[in-house]
Structures are given as C-alpha cells and as structure tokens.
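So the chains spell out like this:
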Amino acid sequence: MVDATGQRRADVAVADGAVVAVEPELEPSSDAVVLDAARCVVAPGLVDLHTHLREPGREEAERIESGARAAALGGYTAVLAMPNTEPAIDSVAVVRQVLDLGASAVTDVAVAGAITVGREGERLAPLAEMAALGVRLFTDDGSGVQDARLMRRALEYASVLDVVLAQHCEEARLAAGGQMHEGEWSSRLGVPGIPAEAEELMVHRDISLSRLTGARVHLLHLSTAGSVALVEAAKTEGLAVTAEAAPHHLCLTDAEVAGYDTAFKVNPPLRGTADVAAVRAGLASGAIDAIATDHAPHAQEAKEAPFDQAPPGMIGLETALAVSMTELADQLPIAAILALLSWRPAQIAGLSAEHGGPVAPGASANLCVIDPSATWVVDPARSASRSRNTPFTGRRLTGRARHTVYRGEPVVVDGEAQR
Ligand code: DOR
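No experiment lies behind these values; they were computed from the predicted model shown.

Undergrad: Would you mind going over the environment of Glu65 with me for this structure?
TA: Note that Glu65 resides in helix H1 (residues 64-73). The exposure class assigned to Glu65 is partly exposed, which follows from its relative accessible area of 48%. The spatial distance from the C-alpha of Glu65 to the C-alpha of Ala93 is 19 Å, given a sequence separation of 28 residues.

So, in structure tokens, the structure goes:
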C-alpha cells in the first residue's frame, strides 16, 4: 500500500463504501469479493484536475458516462469536468445538469465552473451561486481570461468565496493564428507558431495578481521552461500558486508534428526538448504540484481535417498513469508519482474528504490497484472514450491500473470495466 503516509504491506477490507480494516493479514468473510493485489500497489484512487467530458453539447466526442469509464480504467476515482461545453458550465442550471449526469457515473464527477459568462471573458459568471452547489474551482479553460482587471475582480471575489481560479495561460493576441510551438520545427514545417512567451506572460500576470489579491491561483497545463521557473519563484515567495502539467508535455516534443499528424496538435502545444526537461524537473522539485490529463476528446472527422483546421486536444485518461510511471520511474519513487496523480490534485480540487486520503479505517473506499510491472501497448480502438485521438498509439508502456474501487464498488477488475 502506498499513500501520503508512506508504504506498508497490508490487506485492505472494504464494506459499505468505506475502508473498514487495514492489517498485515485479513481473512475474507465467505461472501466477500476478493481482488488479488499480489505484486501490486494499492493506492488512493487517482484524481484528475482537468477532464473535458464534452457533455452537454459535444456528445459525439464524449459523454460523462464514457469519459468516467475511461477514467476508472485509468485508475481514477474522481475527475473535474471542464466547463468549455456547449453551453458552457457558467450557470446553476448547467452545473446541476452535469452533476446529475455524473451521479450515475463510475467515478465522482466534480464540476469546474466558468469564470466568465459563456467563457467570453467579458462579464463574471455567477460564481457564488455555483459555489453554493459545491463548485470549488473556476476556469475559462480553452482560453485564458485576457482582461487583467476582470481577472483581478474575479480573484477578489474568489478569495471571499474560498474557491480556486484556474487559468489557461495564453495571451490570445500573441498566440493568434498559431498551430504549434514556435521554434525551429514550426519554421521548417511552415506552420504558424505559438511562442512560449504567450503562456509565460499570463503565468507572470496571474502570479502578480495572486500577490495583489492574496487569492489562490492554479495554473493549468504548463508547458514551458519559463513558466516552470516563474512558478518556482512564486512558491519560494510563498504565494498561493499551484500548477499542473499534462502527461504529453513531459515526454513529447514539437518534433512529433513533423508528419502533420493532428494527434499531436494540442494547446498549449508540444514544446522543445529544454521545455520537456524543465517540466520533468518541475514535477520532481515540487514546482509543479500535479499531473492532470487535459483529456480532450475530439471526433475522428474533426481530427481528420488538415493540421491547421483540426481542433487541438488529446485523450489521456487511460494512459496518464502509465505514461507517468514509464517516463518518471528513473526520476521519482512511485509514492511521489502518486502524490502528483492523487493526493495533491485532490487537495487542489477540494476533494480530499473523499479522495486521495490515507488508506485507513473510516476512509472512503476510493482506491486503485496498480500493477507496476505490467507492460502494454496503447491501442486506441480499445479505449472506453468515444474518441480515439491519442498521441500514444503503438507506444509500449509499463504500469497499469489493474482494479479500481469506487465508493466500495469494484468498477474495474483486472483491467475490465464492470459497468
Ligand atoms: O488542446 C486543448 N484542447 N487545449 C485546451 O485548452 C482545450 C482542449 C479542448 O477542449 O479540446
């Protein structure tokens, strides 16, 4: 067993949705369902801070039900649904709709509300009303709030409400028209670029606004060396800033775009080798608090468009754990990788009461059982997502979620979804 309190060898007994015993040896009762965890790691379920579930409005790409199933298969017991749906999650009615749909899913579906009405960056959405329904994090993800004054007001409001504002850091005018990272590859390929500075300007601005207002800011999917350095400095200063990175940004570079394969189109874009190294170093040093999937499903027809017309985004729920374990195993012990995937994101999203906590009697039985030595090859056709847009097709990965237990129910057993 591995959790925030350390590692030990134990059996875990679960009843009525809760952990009831953790002992070196437990004798199962005759009617118990027994899940084999030999040579495996039992951990709190993973928590994804950044999941695009597409419902309402883009059900051809994903549904809450299918996305949650993909999440459970990846070892997650909670996901945070991003608000760039159609309509956006910017009102009590849409928050309720997503929560209702999530209630029958195989993971907890928490909701991120939009900061501005329609994510248009002009008027504040009713943050207090959404917070009253339990929304703890707000973002206009898909785009950043461009107006610094509006962002300042939102932060002042957020600190009164004790909620987190999360930013998609991108200065829209500087990024305008860009389709990939601006650098040697974009010049060679003749594809308009998005400079690292488009991200870093907004990271810098929001760190400044956090200092000005004292409010909590969470920086989404950071991708550049400059962003990591800025967050590191903000943390040294003691500011209330947290950050995440996506699995693809810790292992793929802009060189992947050479074949114009839209599976490698994402926003923020895949960056250069020095940026990838900095993201990895930031995960190891604690500058970056969490690995978040940015699971962004898109229908095949959309991704079959020419590179400049295809939408950005990659699915990631079923591969995030394995990519993280495969890529970071030399650098980080499994407990540190799980901290990035489970208990730190649970804290940031305000989900710690139910997720990511130590596996101990009385805790909610939201657990995953990981086989660290299982090797497998990514096959998009096997994904539970409604979309297939993974950049990892054909990759051999090491590490896999074997079982997932959600509120005491085994929803994934031996890698198979149970419902
Ligand atoms: O690549 C991306 N896709 N980045 C985003 O910020 C939004 C996302 C989406 O919703 O497709």
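What follows continues from the structure just given.
Undergrad: When you look at the pattern of salt bridges in this model, what are you seeing that I'm missing?
TA: Opposite charge on two side chains allows them to pair when their charged atoms are near. Following the criterion strictly, the structure yields 20 salt bridges and no others. Between Glu86 and Arg58 there is a salt bridge; the shortest N-O distance is 3.7 Å. With a gap of 28 residues between them, Glu86 in the loop between strand S7 (76-81) and helix H2 (92-102) and Arg58 in the loop between strand S6 (46-51) and H1 connect regions that are remote in the sequence. The partner of Arg216 in a salt bridge is Asp162, and the shortest N-O contact between them spans 3.1 Å. Of this pair, Arg216 sits in the loop between helix H7 (196-213) and strand S13 (217-219) while Asp162 sits in the loop between helix H4 (148-161) and strand S10 (164-167), and the two are 54 residues apart along the sequence. Accessibility expressed as a relative area gives 34% for Arg216, which makes it partly exposed. Overlapping salt bridges, with partners in common, bring together Asp36, Arg402 and Asp414 in one network.

Undergrad: Teacher, can you tell me more about the environment of Ala158 here?
TA: With respect to the secondary-structure elements, Ala158 resides in helix H4. We classify Ala158 as buried; its relative accessible area is 1%. Linking Ala158 and Leu137, residues 21 residues apart in sequence, is a C-alpha distance of 9.2 Å. Ala158 has contacts with Val163 and Leu165, leaving out every residue within four places of it along the chain.

Undergrad: Quick question: what am I supposed to make of the site of the ligand here?
TA: By nearness alone, 14 residues border the ligand, and Arg54, Asn84, Asn267, His298 and Pro312 come closest of all. Contacts to the ligand include His52, whose side-chain N or O atom sits 3.5 Å from an oxygen atom. Here an oxygen atom of the ligand sits 2.7 Å away from a polar atom, N or O, in the side chain of Arg54. Isolated, the ligand exposes 290 Å² of accessible area, and the fraction of that covered by the protein chains is 93%. The residue inventory of the shell around the ligand, partitioned by class, reads 3 nonpolar, 8 polar and 3 charged.

Undergrad: Just to check I follow, could you spell out the packing of aromatic side chains for this structure?
TA: Between two aromatic rings, the relevant description is the distance of the centres plus the angle of the planes. Summed over all chains, the structure comprises 0 aromatic pairs. Arg188 extends its terminal NZ or CZ atom over the ring of Trp185, reaching a point 4.4 Å from the ring centre. Sitting over the ring of Trp376, Arg400 keeps its end group 4.0 Å from the ring centre.

Undergrad: I would appreciate a short explanation of the sheet that holds S7 in the present structure.
TA: Sheets are built from strands that pair by backbone hydrogen bonding, the pairs being arranged parallel or antiparallel. Strand order in this open sheet of 8 strands is S6-S7-S8-S9-S10-S13-S14-S15, and the pairing throughout is parallel. Looking at which strands have only one partner, the edges of the open sheet turn out to be S6 and strand S15 (290-291). Summarising the sheet, strand S9 (residues 137-139) and S10 pair through 3 bridges and their orientation is parallel. Residue Thr139 lies in a different strand from S10, and its bridge partner there is Ala166. Here helix H8 (residues 225-236) sits on the sheet and contacts S13 and strand S14 (241-245); the angle it forms with S14, its principal contact strand, is near 150°.

Undergrad: Help me understand unusual backbone geometry, please; the structure alone is not making it clear to me.
TA: Leaving glycine out, the prevailing phi sign among residues is negative, and the prevailing peptide bond configuration is trans. Backbone torsion omega between Glu55 and Pro56 reads 10°, so that peptide bond is classified as cis. Note that Pro56 resides in the loop between S6 and H1. Cis peptide bonds are those with omega within 30 degrees of zero, and the linkage from Asn267 to Pro268 qualifies with 0°. Inspection of the secondary structure assignment puts Pro268 in the loop between S14 and helix H9 (273-285). One non-glycine residue, His221, lies in positive phi territory at about 25°. You can see His221 is positioned in the loop between S13 and H8. For His221, a relative accessible area of 2% translates into the label buried. Its identity as a non-glycine residue notwithstanding, Asp294 has a phi of 55°, on the positive side.

Undergrad: So what exactly am I meant to see when it comes to the pairing of strand S17 (residues 396-406) here?
TA: Each regular strand displays side chains that alternate between the two surfaces of the sheet. Taking burial as the measure, the 11 residues of S17 include 8 buried ones, the bulk of the element. Pairing of strand S16 (residues 367-377) with S17, which is carried by 8 bridges, proceeds in the antiparallel orientation. In the strand pairing of S17, Asp371 is matched with Arg400. Counting the residues that bridge the hairpin from S17 to strand S18 (residues 409-413) gives 2 residues, and of these Arg407 lies at a positive phi of roughly 50°.

Undergrad: What is the right way to read the sheet that holds strand S19 (residues 416-417) from this model?
TA: The strand order across the open sheet formed by 5 strands is S5-S16-S17-S18-S19, and the pairing between neighbours is antiparallel. Single-partner strands in this sheet number two, and they are strand S5 (41-44) and S19. For S18 and S19, the ladder comprises 2 bridges, and the chain directions are antiparallel. Within the sheet, the bridge partner assigned to Val413 lies in S19 and is Glu416. Where helix H11 (residues 320-328) meets the sheet, it contacts S16 and S17, and its direction lies at approximately 135° from that of S17.

Undergrad: Whenever I open this one, the side chain of Asp140 confuses me. Can you help?
TA: Position of Asp140 relative to the elements: it lies in the loop between S9 and H4. No salt bridge forms around the buried Asp140; measuring N to O, its nearest opposite-charge neighbour Arg119 is 5.3 Å away. Reaching out from Asp140, the side chain makes a polar contact with the side chain of Thr116 at a distance of 2.6 Å. Beyond its immediate stretch of four places on either side in the chain, Asp140 contacts Ala114, Ile115, Thr116, Arg119, Gly121, Val145 and Ala166.

Scoring rules and cut-offs
- Residues numbered from 1 in each chain as written.
- Predicted model: local features only at pLDDT ≥ 70, side-chain atom pairs only at ≥ 80, totals over all residues.
- Heavy atoms only, no water.
- Helix = DSSP H or I, 4+ residues; strand = E, 2+ residues; numbered from the N terminus.
- Buried < 20%, exposed > 50% of the residue type's maximum accessible area, 1.4 Å probe, protein only.
- Salt bridge = Lys/Arg side-chain N within 4 Å of Asp/Glu carboxyl O.
- Contact = heavy atoms within 4.5 Å.
- Near = heavy atom within 4 Å.
- Polar contact = N/O pair within 3.5 Å; in protein donor to acceptor, adjacent residues only side chain to side chain.
- Areas by Shrake-Rupley, 256 points an atom, 1.4 Å probe, with all protein chains shown as cover.
- Nonpolar A, V, L, I, M, F, W, Y, C, P; charged D, E, K, R; others polar.
- Phe/Tyr/Trp six-rings, centres within 6.5 Å; stacked < 30°, edge-to-face > 60°.
- Lys NZ or Arg CZ within 6 Å of the ring centre and 35° of its normal.
- Pairing = 2+ DSSP bridges.
- Axes fitted to C-alpha atoms, helices over the stretch in contact; angles between N-to-C directions.
- Lys, Arg positive; Asp, Glu negative; His and termini not counted.

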